[in-house]
Amino acid sequence: MMNRISSAMQVQESSVVACVGSLYQAAYDPVSWPDAIESLRELFNGSKACLVRTGPERGPGDLIAPNNDPAFQDRYIAEFAGEPNIVESAIARAPVGTAYSDLDFIGRETLRTSRLWNEWMAPQDMYGGLTCKLITSRQSSWFFDVQRGRNQTAFDAAELELLNMVSPHLARAVEIGRQAGLAKLVSSSLSHLPFAVLAVDAQLRVLARNEAAEQILSDQDAGLFLRRGVLMTADPRYDARLRQLVAESCAARANALPGLGGDLLIAPGPEVNDPATLAISIGPSMGHDIPSIALEPCAVVIVRRISQDMPSGFAETIARLFDLTPQEARVAANLAGGHPLKETADRIGIRMSTARSHLIRVFYKTGTSQQSQLVAMLKNVQATLPR
């Protein structure tokens, strides 16, 4: 097949091999993606070529088009990425892995009368192209498109066949690149700490996890586990809060920040012999600092095992961190140690009304509004202290 296509297109087999090699190089070295797409444009003698992600939360990193005019690229994101257009509608109904001619699949007249063609494609000398939807992942799809200019000959059947040959390699490279990006996410600056780190999507599907996370998920008594790839807890109340925080962290929109996430404590059941609370921190990660094909919005989940026993000097530590009085710090430390407010008052030797007053001031100084939020925050502080 290679020899027949090479002969029909008058391209060298070595050129095809070199092009495919550049795709796999980009998969493992994401900064090379523009060069890889440029090599595809040259292979097909196109006027333009691009690799694009369609789906929610579009951004500049979702369009890799190395020889595009930056002004046009910004305009595409601003004006076309947020609304359906004729090309993306065609891609949505196209099968994965099959290349097609946009003029044949969409229709020449339909394409040429569209706003996208007149305002985006024609001004950039894009008069007829070959397109292939490479992979889909939930609401996102990745596709490659190469175009010929006004004064070039149209793509023929041999060139379409060549794209059908190359596209499986391109799809594989894209998938490797996505997984490499997720791996980079969980091997960030936090990975050297003895914390479990997971990346999850808005539906709590685990996208990546580190070794410490594997250990917690395999512990039947920990209270956190996977069911069909979805992160769950042993208690529906915790599940609801976990889902809420993850959804908020993933809820970025164009030109807007995602939610801040939050903290959650999962207490062990009474039947567990060696109880340890799980302190969970959830925050957004949009992949902006990851040099890879743009990722769908995901949340980072950091999990720590916390003993119920407070470390020595804990009250003094949180007093310094949050500018608490010694009495306020003792109230906060006792609450973090699992003691109810009434018991805390008795342990310290103060009236219940005084304990409530201290708690209100602790809320104000720590930026919390509920006892559960305060305890979750203090447990996370505890996790950073030496035993």
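Relevant structure appears above.
Worth saying up front: this structure is predicted, and the values here are computed from it rather than measured. (Residues numbered from 1 in each chain as written. Predicted model: local features only at pLDDT ≥ 70, side-chain atom pairs only at ≥ 80, totals over all residues. Heavy atoms only, no water.)

Trainee: I'd like a description of the overall build of the chain, backed by residues and values.
Mentor: Within the chain, the secondary structure is distributed over 16 helices and 12 strands. Expressed as a percentage of its 387 residues, the buried residues of the chain come to 52%. Considering only contacts in the chain between residues 6 or more positions apart, those separated by 24 or more positions represent 60%. Carbon together with sulfur atoms contributes 51% to the accessible area of the chain, which is approximately 18,800 Å² in total. (Helix = DSSP H or I, 4+ residues; strand = E, 2+ residues; numbered from the N terminus. Buried < 20%, exposed > 50% of the residue type's maximum accessible area, 1.4 Å probe, protein only. Contact = heavy atoms within 4.5 Å. Areas by Shrake-Rupley, 256 points an atom, 1.4 Å probe, with all protein chains shown as cover.)

Trainee: Can you lay out the nonpolar core for me, pointing to particular residues and giving the numbers?
Mentor: Residues Trp-33, Leu-40, Phe-44 and Phe-144 are the most contacted members of the largest nonpolar core, which totals 33 residues. Looking at this core, the elements with two or more residues in it are helix H2 (13-28), helix H3 (33-43), strand E1 (48-54), strand E4 (128-137), strand E5 (140-148) and helix H9 (157-186). At nine residues, the largest contribution of residues to this core is made by H9. (Core = buried A, V, L, I, M, F, W, Y, C linked by side-chain atoms within 4.5 Å.)

Trainee: Describe in detail the sheet that holds strand E6 (residues 196-200), supporting the description with residues and values.
Mentor: Taking strand neighbours across the sheet as the criterion, the five strands line up as E7-E6-E12-E11-E10 in an open arrangement whose pairing is antiparallel. If you trace the sheet from one side to the other, it starts and ends with strand E7 (206-209) and strand E10 (262-266), each paired once. The mean inter-strand angle of the sheet, taken between neighbouring strand axes irrespective of direction, is 25°. Bridging between E10 and strand E11 (residues 277-285) involves five bridges; their strand directions are antiparallel. Note that in E11 the partner of Leu-264 across the bridge is Ile-280. Sitting on the sheet, helix H10 (residues 211-218) is in contact with E6, E7, E11 and strand E12 (298-306), with an inclination near 90° to E6. (Pairing = 2+ DSSP bridges. Axes fitted to C-alpha atoms, helices over the stretch in contact; angles between N-to-C directions.)

Trainee: Explain the environment of Ser-281 to me, using residue names and the numbers behind them.
Mentor: Checked against the element boundaries, Ser-281 lands in strand E11. For Ser-281, a relative accessible area of 14% gives the class buried. Spatially, the C-alpha atoms of Ser-281 and Leu-242 are 9.6 Å apart, while their sequence positions differ by 39 residues. A distance of 2.9 Å separates a polar atom in the side chain of Ser-281 from a polar atom in the side chain of Asp-263. (Polar contact = N/O pair within 3.5 Å; in protein donor to acceptor, adjacent residues only side chain to side chain.)

Trainee: Kindly report on empty space enclosed by the protein, identifying the contributing residues and their values.
Mentor: Inspection of the entire model under this criterion finds three cavities of 30 Å³ or more. Around the largest cavity, the lining comprises 19 residues; the ones closest to its centre are Cys-50, Trp-120, Met-126, Phe-143 and Asp-145. Of all the secondary structure elements, the ones that give two or more residues to the lining of the largest cavity are E1, helix H5 (86-93), helix H8 (115-121) and E5. Sort the elements by how many residues they give to the lining of the largest cavity and E1 lands first, with four residues. Partitioned by chemical class, the residues of the lining of the largest cavity number 12 nonpolar, three polar and four charged. (1 Å grid on protein atoms, 1.4 Å probe; cavity = no way out; pocket = protein on both sides within 12 Å on 5 of 7 lines; lining within 4 Å. Points joined across faces, edges and corners; volume = space filled by probe spheres on them. Nonpolar A, V, L, I, M, F, W, Y, C, P; charged D, E, K, R; others polar.)

Trainee: I'd like a rundown of the pattern of salt bridges, residues and numbers included.
Mentor: Evaluation of the coordinates by the stated rule reveals 10 salt bridges. In this structure, Asp-235 engages Arg-237 in a salt bridge whose closest nitrogen and oxygen atoms are separated by 2.7 Å. On the basis of relative accessible area, Asp-235 is assigned to the buried category, the value being 18%. Judged by its relative accessible area of 62%, Arg-237 is exposed. Between Lys-365 and Glu-328 there is a salt bridge whose closest N-O contact spans 2.9 Å. Within this pair, whereas Lys-365 is found in helix H15 (residues 352-366), its partner Glu-328 is found in helix H13 (residues 326-336), the two being separated by 37 residues in sequence. One connected set of salt bridges, linked through shared partners, spans Glu-328, Arg-361 and Lys-365. (Salt bridge = Lys/Arg side-chain N within 4 Å of Asp/Glu carboxyl O.)

Trainee: Go over the side chain of Thr-366 with me, naming the residues and quoting the values.
Mentor: Along the chain, Thr-366 falls in helix H15. Of the residues examined, Thr-366 reaches a relative accessible area of 9% and is grouped as buried. Those residues in contact with Thr-366, other than ones at most four positions away along the chain, are Phe-322, Leu-374 and Met-377.

That's the geometry; what it means functionally is another story.
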